[in-house]
Amino acid sequence: MLSSKAMLDGHGEESPYFQGWKDYEKNAYDDVQNPPGIIHMGLAQNQYLLKTWIENNQDATRLTNNEESMFRDLALSQDYHGLPAFKNVLGEFMAEIKGNKVTFDPRKLVLMAGVTAASETLMFCIAEHGDAFLLPTPYYSGYDRDLKWRTGVELVPIHCSSSNGFKVTKFALEEAYQQAKKLSLNVKGVLITNPSNPLGTTMSHVELDELITFTVAKQIHLISDEIFSGTVFENPSFISIIEAVIERKLGKTDLWSRVHIVYSLSKDFGLPGFRVGMIYSNNERVVSTATKMSSCGLISSQTQYLQSKLLSGKEFRENYLKENRNRVKERREMMVVGLGEAGISCLKGNAGPFCWVDLRNLLSLNTFTAEMELWKKILHESGLNISPGASCHCSEPGWFRICFANMPQETLKVSMERMKAFISKQ
């Protein structure tokens, strides 16, 4: 006999977000080997990787220091508190991304094997099985897996509307809270993604103030997933939740211990394979407990050493992030123009490697069933794997997330030609 966890389908793999990946893996596009294959536009991954850095830092990539091998030391040591050199430079880097308006104490950083592990660990630290977190919609499809599957935490949507650009409002927050109470759920906090995945937008001062006021009034936690904070390429600029709390002069109140950040190098640096995630919290008990839990998902010493070398060059960090932002902006404009030529509009965005695309005029009916039918047609007839809004819990059918930075420029051009051809037939 197996556990109920093993026997039940609680992972979320039935979501079209994951189903599209499976279809892609069976028939992946290749410009030479398989030109008719599926182009994967459902992966929010940046592939503008670090060729120049690798060429100029052979010591680090070979795990040597001044040509002396570090292999033995790195192979034998593994402290779940993390390598001090890595945590120090990571704190500096996180502050730089936020314009050095806030500082990050390395002692309050908990290293985890990816942001998935970091987010789940925070759930274990804050909530009991059956407690609830409120999330603004649309939200990242993977949260149903990352936050719910093993923890037993319930996710209650804060329904946001296209009428105001899907911004969080006081009314929407209170409505979600009351819905949770009707379901007899104990609300432990709000979790936001800022910049938003899938919207590709940063939260305004007004939204952050509403969230802070709400969490103070309800005496609950506020988690900010800031994994795309280094990929903001246009105004309005990014405001970290820590900065917003300090501006409200709430840094010495009990709210300070209920505000937490998760971050990773997977997106801003395009390094998802290294599995580098982290929690930042001013709550000593959360830091202590999460550190103990991290023993179940440590980052290898070799990875920490390599990443500390990567981040230690301040000039490289600044140049890379500037160039990365320019390239992401350029790619986004390329896709927006391509879709615009086909009569398709996107939500105005300023961050992240994706667009929130309005395909409502292609629906046969204004229903999520019609949205799924459209998604399947685009996937199977045009060979484009995009993410339907329903998989992101959007409350309005017809919106799709389309990623553009996980492929060469020529492949993006092919995808736009396919989309134009598909739309011309509708």
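Computed from a prediction, not measured in an experiment: that's the story for all the values here. Residue numbers run consecutively from 1 along every chain, following the written order of its sequence. Owing to the predicted nature of the model, reporting of local features is limited to residues with pLDDT of at least 70; listing and counting of side-chain atom pairs is limited to 80 or more, with chain, interface and lining totals taken over all residues. For side-chain calculations, the full set of non-hydrogen atoms in the structure is used, while hydrogens and water are omitted.

**Q** What should I look at first to understand the layout of surface pockets in this one?
**A** The gaps of empty space that remain are located by a probe, the size of a water molecule, rolled over the atoms. Each pocket or cavity is described by its volume, and for the largest pocket that value is around 420 Å³. Cavity means a closed set of points on a 1 Å grid over the protein atoms alone, one where a 1.4 Å probe fits but cannot get out, pocket means an open set with protein on both sides within 12 Å along at least 5 of 7 lines, and lining means a residue has an atom within 4 Å of a point. Around the largest pocket, the lining is made up of 25 residues, and of these V115, T116, Y140, R145 and K267 lie nearest the centre. Here the second largest pocket is characterised by a volume of approximately 350 Å³. Around the second largest pocket sit 23 residues that line it, and G165, K167, T201, T202 and E207 are the ones nearest its centre. Three classes are used: nonpolar for Ala, Val, Leu, Ile, Met, Phe, Trp, Tyr, Cys and Pro, charged for Asp, Glu, Lys and Arg, and polar for all others, with Gly counted as polar. Here the residues of the lining of the second largest pocket sort into nine nonpolar, 10 polar and four charged. Grid points are joined across faces, edges and corners, and a volume is the space filled by probe spheres set on the points.

**Q** I'm lost on the sheet that holds strand β15 (residues 399-403) in this one. Help?
**A** Hydrogen bonds along the backbone pair up the strands of a sheet, which may run parallel or antiparallel. Ordered by their spatial adjacency, four strands build an open sheet running β11-β12-β15-β14, and the pairing between neighbours is antiparallel. Single-partner strands in this sheet number two, and they are β11 (345-346) and β14 (387-388). Here strand β12 (residues 354-358) runs beside β15; their pairing, made up of five bridges, is antiparallel. Bridged to D358 within β15 is W399. The contact criterion used throughout is that any non-hydrogen atoms of two residues lie within 4.5 Å. To get an axis, fit a line to the C-alpha atoms, keeping to the stretch in contact for a helix; angles then go from 0 to 180 degrees between the N-to-C directions. Only DSSP runs of H or I with at least four residues qualify as helices, and only runs of E with at least two residues qualify as strands; both kinds are numbered from the N terminus onward. Of the strands in this sheet, β14 and β15 are in contact with helix α15 (residues 368-382), which crosses β15 at around 30°. Pairing between two strands requires that DSSP report at least two bridges joining them.

**Q** What is the right way to look at the pattern of salt bridges in this model?
**A** Pairs can form between side chains of opposite charge whenever their charged atoms are close. Put simply, a salt bridge is a Lys or Arg side-chain nitrogen that is within 4 Å of an Asp or Glu carboxyl oxygen. The full count for this structure, using the stated rule, is 16 salt bridges. Residues E396 and R360 are paired through a salt bridge, measuring 3.7 Å at the closest nitrogen-oxygen approach. Here R360 lies in the loop between β12 and α15 and E396 lies in the loop between β14 and β15, a separation of 36 residues in the sequence. For the salt bridge of E410 with K413, the shortest nitrogen-to-oxygen distance reads 3.3 Å. Placement of both E410 and K413 in helix α16 (residues 409-424) is noted, with a separation of three residues, approximately one turn of the helix. Through salt bridges with shared partners, a single network forms among E341, E417 and K420.

**Q** Is there a simple way to explain the packing of aromatic side chains in this structure?
**A** Aromatic ring pairs are reported here in terms of the distance separating the ring centres and the angle at which the planes meet. Aromatic rings from Phe, Tyr and Trp, with only the six-membered ring used for Trp, were paired whenever their centres fell within 6.5 Å, and each pair was classed as stacked if the ring planes differed by under 30 degrees, edge-to-face if by over 60, and tilted otherwise. Within this structure, the stated rule accounts for nine aromatic pairs. Each ring, one from F104 and one from Y280, has its centre 4.9 Å from the other, and the planes form 80°; the classification is edge-to-face. Placement of F104 in the loop between α6 (84-97) and β4 (109-112) and of Y280 in strand β10 (residues 277-281) is noted, with a sequence separation of 176 residues between them. Y280 carries the same exposure label as F104, and that label is buried. The interplanar angle of 85° and the centroid separation of 5.9 Å between the aromatic rings of Y177 and F214 together place this pair among those described as edge-to-face. One end of the pair, Y177, is in helix α9 (residues 170-182); the other, F214, is in helix α10 (residues 205-218), and 37 residues separate them in sequence. Note on classification: 1.4 Å probe, protein chains only; a residue is buried when its accessible area is under 20% of the maximum for its type, exposed when over 50%, partly exposed between these limits. Its relative accessible area of 12% is what places Y177 among the buried residues. The rings of Y139, Y140 and Y143 are connected pair by pair, giving a single aromatic cluster. Two thresholds decide whether a charge sits over a ring: the Lys NZ or Arg CZ must be within 6 Å of the ring centre and within 35 degrees of the ring normal. One cation-aromatic arrangement involves K218 over Y177; the distance from NZ or CZ to the ring centre is 4.3 Å.

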